[in-house]
Amino acid sequence: MSHGFETRAIHAGQEPDPRTGAVIPPIYQTSTYAQDAVGQPRLGYEYSRSANPTRDALQECLAALERGARGLAFASGMAAEDTLLRTVCAPGDHLVIPDDAYGGTYRLVAKVLQRWGLDWTTAPVSDLDAVRAAMTPRTKVVWVETPTNPLLGIADLGALAGLAHDHGALLAVDNTFASPYLQQPIVHGADVVVHSTTKYLGGHSDVVGGALVVRDAGLGDELAFHQNAMGAVCGPFDAWLTLRGIKTLGVRMDRHCDNAEQVVDYLLHHPAVTDVRYPGLAEHPGHKVAAGQMRRYGGMVSFRVAGGEPAAVDVCDRAELFVLAESLGGVESLIEHPGRMTHASAAGSPLEVPADLVRLSVGIETVDDLIADLGQALETEDRSGLDRRQR
Ligand SMILES: Cc1ncc(COP(=O)(O)O)c(C=O)c1O
């Protein structure tokens, strides 16, 4: 019988060490392994780029969390993305990518893989007809994020899987924003799940890492070959930190969601805020789809402010408890201006983000403190014409 999510998070791939009984998988901080005889490595371990027991524990756990056949851990989310795309595509192939996505994903496709010969088209992931129209006979991958970074758009995973498969393409889903606790794309038909484990999986802003989890064991073997051949592997200490973070993913995500819901409610009623993006809102255009594929709606919140870019930048600069920083998914709250920070590489492209947008990664601190901080940061941003004393 398959265990529940939290049980898998704590135990999958993490049996007590058979030699010592250590309850926590040891950090096998070694590059190589003594062999019993020429051509006889012990338990198959030869060299840590090819395999390492701490990384294996993480990989097994990731596969169990995402309900996949195999998990693979990389040095970063970008390393995972690059390995995936150069494994399943060849020069001359085509990708459909979201018109709202992490700027680094866009940069990898448009500035690195395009030079390698990969062609691509952007499409809004919430619009099935637009995705269908973007596909060509050479499309090998439909790449989606849901929720998207930073506008929190929603893609219908089941419908997109059907569309991709009808065209002989794979559906790859960057599940970084949701985490496997809130959404498991393989259950909805996706072929590959991509993670920046730097974010919610690691959960403590102390490690950079990435992962791929696949539905099909054959594709898993091909990716494992490329993981070793290309070499962007997750190191043992990083794998251990990520595993440690994963143990509390469920409880952290529930608190992220609780806090985000209260922050959203506060922002909705603030006169300096013109638009709040959160898939948990009934009026969010993707809410129904999100409700069908997500357990809850996550800790990421984006909002636009009256007063345009200077006001958005000002809010980010004035926040105190919300740390002004890139990244997301840690226990501490972060604030950023996507246009000038995480998505600066998408400026002038179809993925350019609104200049008046602020993105929050709502952490698990005391929520009243978070709301008070946003209140003081927005204080001077009531540029809607209302005098502060009249509010
Ligand atoms: C949605 C998403 N995917 C992928 C990445 C890339 O991951 P990494 O920074 O671990 O390389 C990021 C990083 O911010 C991200 O937000």
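In what follows, the accompanying structure is described.

Reading guide: rules and limits
Residues numbered from 1 in each chain as written. Predicted model: local features only at pLDDT ≥ 70, side-chain atom pairs only at ≥ 80, totals over all residues. Heavy atoms only, no water. Pairing = 2+ DSSP bridges. Helix = DSSP H or I, 4+ residues; strand = E, 2+ residues; numbered from the N terminus. Contact = heavy atoms within 4.5 Å. Axes fitted to C-alpha atoms, helices over the stretch in contact; angles between N-to-C directions. Core = buried A, V, L, I, M, F, W, Y, C linked by side-chain atoms within 4.5 Å. Buried < 20%, exposed > 50% of the residue type's maximum accessible area, 1.4 Å probe, protein only.

Let us look at the sheet that holds strand β11 (residues 300–305). The mixed open sheet is built from five strands, whose spatial order is β10-β11-β14-β13-β12. Either end of the sheet is taken by a strand with one partner, and the two such strands are β10 (273–277) and β12 (323–324). Note: β10 against β11, four bridges, orientation antiparallel. Looking across to β11, one finds that V276 is bridged to F303. The strands that helix α12 (residues 308–318) touches are β11, β12, β13 (334–336) and β14 (357–361); relative to β11, the one it contacts most, it runs at about 135°.

What follows concerns the nonpolar core. Within the largest apolar cluster, 61 residues are counted, with the highest numbers of intra-cluster contacts made by L267, V301, F303 and L360. Setting aside its immediate chain neighbours within four residues, L360 contacts V263, L267, G299, M300, V301, F303, F322, L334, I335 and L374. Membership of the second largest hydrophobic core comes to 30 residues, among which are L72, L108, V194 and L223.

Turning next to the pairing of strand β6 (residues 139–145). For β6, the tally of buried residues reaches six of seven residues, placing the bulk of the element in the interior. Strand direction decides the pairing type here: strand β4 (residues 94–98) and β6, joined by three bridges, are parallel. If you follow H94 over to β6, its bridge partner there is T139. When β6 meets strand β7 (residues 170–174), the two strands line up parallel, connected through five bridges.

All quantities given are derived from atomic positions and should not be read as evidence of function.
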